Amino acid sequence: MSARNRVIVLVAVLLAALAGAGGYVWNVRKSQAETLAAAPQVAQGGDLQSLRAQPHIVFRSNALGENYGRVAVVPLTAPDGPRAFTPASCERVYATAADTICLSAQRGLVTTYQSRLLDPSWNESRELPLTGLPSRARLSRDGSLVATTTFVYGDSYANPGQFSTRTLVTRTDGAVVGDIEKFKLVVDGRVITAADRNLWGVTFADDDRFFVTAASGGRTWLAEGNLSTRTVTSIRGDVECPSLSPDGTRIAFKKHGDLPAGKWRLAVYNLRTGTEIELAETRSIDDQAEWLDDSTVLYGLSHTADGSASSDVWKVPADGSGKPEVLISDAWSPAVVR
């Protein structure tokens, strides 16, 4: 076969492959669109502007239908009532009274991800740096700082010693404060410089101090960090995805304990007394908890029985009593705004 004919054959093969891939994507999107269109609609209601002026919950709506993946808002007084939908679609969302951080995905032959700051009208005010697969997002309570955690491409979440994170803190004006993976990590008085160290799941105490998960050598710790000194110091072991209570005295988190790989139990750690309480939720929770108030913890839990891609936001008392209850059905990534 001549060189010219080989080129022609190669081009034909490539065109056929592209056509096949395009057809596959089109068929998948068509099937997804038909499924969403046939799904029952959730109740809608409320004015976004008036809701923003009262205590409310911001979350990603996972109810099948045309609004799947959209950010929704409900009043704190009626969390599982009609929801008002914003124009934004996010994989992970977090909000304060002034700003919203939205980690979004643009899916296609190549999926790309964005970190966008939204203003009170839900319009994009700024795009922030983001590398990898979105995992966690938090805003400081005064709305001045943003923390995002991503997994770098190709890494696994199954084993804490075998994945890499990127946790970046920026100001809401776009200025980069720092990649906390590069901060000095001190565990039990020893500086950890191992290549497998990772930090993720920031929760802010103020505009300088924060708590975060630190990991190395297959172990995890609750650590306290300071932006000014660029130092992170361990407090105690077996803590992931910390969330500081509104009164600043306790940390809600997930712990591995003696559970099988990839399983976690919700607990609360008292920063003043050093005591830990396991919560009444005994199912495995893979989420960074949120506080409804000083006595109640919120978290997302995926559906498992029906095999659907949805989830619910649950609540459970923070003192270990009571039992878990659904707060918002078909929802994920809640943020309580007062």
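Sequence order sets the numbering: in each chain, residues are counted from 1 along the sequence as written. Confidence filtering applies because this is a predicted model: local features only for residues at pLDDT of at least 70, side-chain atom pairs given and counted only at 80 or more, and all residues used for totals across whole chains, interfaces and linings. Note: side-chain values were computed over all heavy atoms of the structure, leaving out hydrogens and water.

A.B. asks: Summarise the overall build of the protein; cite the residues concerned and give the values.
C.D. replies: When its secondary structure is counted, the protein shows two helices and 26 strands. We call two residues in contact when some of their heavy atoms are within 4.5 Å. Long-range pairs, those at least 24 residues apart, make up 43% of the contacts in the protein with a sequence separation of at least 6. Reported accessibility uses the Shrake-Rupley method at a 1.4 Å probe radius. Residues are deemed covered only where the shown protein chains occlude them. For the protein, the exposed surface amounts to about 15,800 Å²; the carbon and sulfur share of it is 52%. A run of H or I in DSSP counts as a helix once it spans at least four residues, and a run of E counts as a strand once it spans at least two, with each numbered from the N terminus.

A.B. asks: Please give an account of the pattern of salt bridges that cites residues and values.
C.D. replies: Pairs may arise between side chains of opposite charge once their charged atoms sit close together. By definition here, a salt bridge exists when the distance from a side-chain nitrogen of Lys or Arg to a carboxyl oxygen of Asp or Glu is within 4 Å. Per the counting criterion, the structure on display carries 14 salt bridges. In this structure, Glu-91 and Arg-60 form a salt bridge, with 3.6 Å as the shortest nitrogen-oxygen distance. With Glu-91 in the loop between β3 (84-89) and β4 (92-95) and Arg-60 in strand β1 (residues 56-61), this residue pair connects regions lying 31 residues apart in the sequence. A relative accessible area of 24% places Glu-91 in the partly exposed class. Accessibility expressed as a relative area gives 9% for Arg-60, which makes it buried. Residues Asp-286 and Arg-136 are paired through a salt bridge, measuring 3.4 Å at the closest nitrogen-oxygen approach. Of this pair, Asp-286 sits in the loop between β21 (276-278) and β22 (290-293) while Arg-136 sits in strand β8 (residues 133-139), placing them 150 residues apart in sequence. Under the scheme applied here, a residue whose accessible area is under 20% of the maximum for its type counts as buried, over 50% as exposed, and between as partly exposed, the area being computed with a 1.4 Å probe on protein chains only.

A.B. asks: I'd like a description of the nonpolar core, backed by residues and values.
C.D. replies: Ranked by internal contacts, the top residues of the largest apolar core, which has 22 residues, are Val-58, Val-71, Cys-90, Ile-101, Trp-122, Leu-139 and Val-146. Looking at this core, the elements that each hand over two or more residues are β2 (70-75), β3, β4, β5 (100-106), β6 (112-118), β8 and β26 (331-337). Ignoring sequence-local partners within four residues, the contact set of Val-71 consists of Val-58, Phe-59, Arg-60, Ala-84, Phe-85, Thr-86, Ala-88, Cys-90, Val-93 and Trp-122. The next biggest cluster of nonpolar side chains, apart from the first, holds 19 residues, and it includes Ala-147, Phe-204, Phe-210 and Ala-223. Think of a nonpolar core as a cluster: buried Ala, Val, Leu, Ile, Met, Phe, Trp, Tyr and Cys residues, connected wherever their side-chain atoms sit within 4.5 Å.

A.B. asks: Which residues make up the packing of aromatic side chains, and what values do they have?
C.D. replies: Within 6.5 Å between ring centres, the rings of Phe, Tyr and Trp (the latter by its six-membered ring) count as paired, and their orientation is classed by plane angle as stacked under 30 degrees, edge-to-face over 60, tilted in between. Tallied over the full model, the rule gives zero aromatic pairs. Above the plane of the ring of Trp-122 lies Arg-52, whose end atom (NZ or CZ) is 4.2 Å from the centre. Whether a charge lies above a ring is judged from NZ of Lys or CZ of Arg, which has to be within 6 Å of the ring centre and within 35 degrees of the ring normal. In this arrangement the basic side chain of Arg-60 is found over the ring face of Tyr-68, its NZ or CZ atom lying 5.2 Å from the centre.

A.B. asks: How would you summarise the state of the cysteines if you had to cite specific residues and measurements?
C.D. replies: Two cysteine sulfurs form what is called a disulfide whenever their separation falls within 2.5 Å. One pass over the structure, following the stated rule, counts one disulfide. The disulfide partner of Cys-90 is Cys-102, and the S-S distance across this bridge is 2.0 Å. Across the S-S bond of Cys-90 and Cys-102 the torsion is about -115 degrees, and the bridge reads as left-handed. Pair noted here: Cys-90 is in the loop between β3 and β4 and Cys-102 is in strand β5, with a separation of twelve residues, a long-range link. Like Cys-90, the residue Cys-102 is buried in the burial classification.

A.B. asks: Please provide a residue-by-residue account of the side chain of Ser-61, values included.
C.D. replies: For Ser-61, the position within the fold is in strand β1. Definition of a polar contact: a pair of N or O atoms within 3.5 Å, with one able to donate and the other able to accept a hydrogen when the atoms are protein atoms, and with sequence-neighbouring residues admitted only if both atoms are side-chain atoms. Here the side chain of Ser-61 touches Arg-83 through a polar contact of 3.0 Å, side chain to side chain. Setting aside chain neighbours within four positions, we find Ser-61 in contact with Asn-67, Tyr-68, Gly-69, Arg-70, Ala-72, Arg-83, Phe-85 and Asp-330.

A.B. asks: Help me get a handle on the sheet that holds β1, residues and values and all.
C.D. replies: DSSP-based pairing: two strands are paired if at least 2 bridges between them are found. Taken together, the four strands give an open sheet; going across it, the order is β3-β2-β1-β26, and neighbouring strands pair in antiparallel fashion. Strands with a single pairing partner mark the edges of an open sheet, and in this sheet they are β3 and β26. Taken over all neighbouring pairs, the strand axes of this sheet differ in orientation by 25 degrees on average, direction set aside. The sheet contact formed by β1 and β26 spans five bridges and is antiparallel. The partner of Ser-61 across the bridge, within β26, is Ala-331. Between the N-to-C directions of two axes lies an angle of 0 to 180 degrees, each axis being a line fitted to C-alpha atoms and, for a helix, fitted only over the stretch in contact.

A.B. asks: Account for unusual backbone geometry, with residues named and values stated.
C.D. replies: Even without a glycine there, the phi angle at Asp-238 is positive, about 55 degrees. You can see Asp-238 is positioned in the loop between β17 (231-237) and β18 (240-244). What makes Asp-238 partly exposed here is its relative accessible area of 24%. Even without being glycine, Asp-330 reaches a positive phi, approximately 50 degrees. Within the element layout of this structure, Asp-330 appears in the loop between β25 (325-328) and β26. Given a relative accessible area of 22%, Asp-330 falls into the partly exposed group.

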